[in-house]
Amino acid sequence: MGNDEGDTRTRTNQTAAARMRLLTAEHLTPTRGAPTHGRTATMAHSPAPVDLDTVDYLSAARTEAITFTRRHAPDAGPAPADAADVYAWMDEHTQTIQPAAQDQRRTLEIRHALEAHLRIDRDDSRGLIRRHRCPRCHCLGVVWSEPLQRAVCGSGRCVDNKARPSTWSVYQLAEARVADQNRMLRTAT
Ligand SMILES: [Zn+2]
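All of the points below concern the structure found in this document. (Residues numbered from 1 in each chain as written. Predicted model: local features only at pLDDT ≥ 70, side-chain atom pairs only at ≥ 80, totals over all residues.)

1. Some words on the overall build of the protein
Here is the rule: To qualify as a helix, a DSSP run of H or I must reach at least 4 residues; to qualify as a strand, a run of E must reach at least 2; elements of each kind are numbered from the N terminus. Neighbour density around each residue's C-beta defines its exposure: 20 or more other C-beta atoms within 10 Å make it buried, 12 or fewer make it exposed, and counts between make it partly exposed, where C-beta atoms are placed from the backbone. Placing C-beta atoms from the backbone, we regard two residues as in contact once those atoms come within 7 Å.
Check the secondary structure of the protein and you find five helices and five strands. Start at the N end of the protein and walk to the C end: the helices and strands fall as α-β-β-α-α-α-β-β-β-α. Buried positions account for 29% of the 189 residues belonging to the protein. Within the protein, contacts between residues separated by at least 24 positions form 47% of all contacts whose residues are at least 6 apart in sequence.

2. Focus: the environment of threonine 24
Positionally, threonine 24 belongs in helix α1 (residues 2-28). Of the residues examined, threonine 24 has 17 C-beta atoms within 10 Å and is grouped as partly exposed. Here the alpha-carbon distance between threonine 24 and aspartate 51, two residues 27 residues apart in the chain, equals 9.8 Å. In contact with threonine 24, other than residues within four places in its own chain, are Leu58 and Ala84.

3. Brief notes about the pairing of strand β4 (residues 150-153)
Both faces of the sheet carry side chains from a regular strand, because those side chains alternate between them. We apply this condition: For two strands to pair, DSSP has to find at least two bridges joining them.
What you see with β4 is a clean split: Ala151 and Cys153 sit on the buried side and Arg150 and Val152 on the side with no burial. Two strands pair when backbone bridges link them, and strand β3 (residues 142-145) and β4 are joined in this way by four bridges, in the antiparallel orientation. Residue pairing in the sheet places tryptophan 144 in a bridge with alanine 151 of β4. Between β3 and the antiparallel strand that follows it, β4, lie four residues; glutamine 149 among them carries a positive phi value of about 55°. Of the pairings in the sheet, the one linking β4 to strand β5 (residues 167-168) comprises two bridges and is antiparallel in character. Bridged to alanine 151 within β5 is tryptophan 168.

4. Quick word on the sheet that holds β3
One open sheet holds the three strands; their spatial order is β3-β4-β5, and the pairing between them is antiparallel. Looking along the sheet, the strands with just one partner apiece sit at the ends: β3 and β5.

5. Things to note about the packing of helix α2 (residues 52-72) against helix α4 (residues 99-120)
The cut-off we apply is this: In this analysis, axes come from line fits to C-alpha atoms, helices being fitted only over the stretch in contact, and the angle between any two N-to-C directions falls in the range 0 to 180 degrees. Our angle categories are set so that under 35 degrees counts as roughly parallel, over 145 as roughly antiparallel, 65 to 115 as roughly perpendicular, and the remainder as oblique.
For the pair α2 and α4, interaxial distance at closest approach is 11 Å and the crossing angle is 175°. The angle between α2 and α4 places the two elements in the roughly antiparallel class. Contacts between α2 and α4 pair Thr54, Tyr57, Ala61, Glu64, Ala65, Phe68 and His72 from the former with Ala101, Arg105, Leu108, His112 and Arg119 from the latter.

Right under this line is the structure:
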């Protein structure tokens, strides 16, 4: 059980870190060329455009992870400067917090990974969202809608209380993934 929990925790924090690194590489590395959307600016000492939306996003994601960590571990000490490094730091300092707070941390990590992914792959052509189960019917048929900025369940029978197709935010997908992982851990023991 301990190992399973450790694996699950490690996976979510490493996944979030990997996605933040990928986002930095794809949107903030000058050799990759100009970003094709969003705000850009030319830095005074560099001809390379900087994707300010991505800079803002990485900063906000880092701040959210630090705020969560400090709320649960006030003695955590200085946080890493790099957004991608903050997840291992958060993990290190929140290993003994209450299970409900651990779930919140894993939800945050999965959500950040999905948000970073969607900044690189706006229509989910690489299919990361599609690997999540629908929180209502548990099918593997959710598809990302860029106009809605929500995942839509593809099952015709899975509807909300107004008979519209079920749609989900990335937060709801992340929360459902953590609940699924917890169910699997419980049945594995
Ligand atoms: Zn569904």
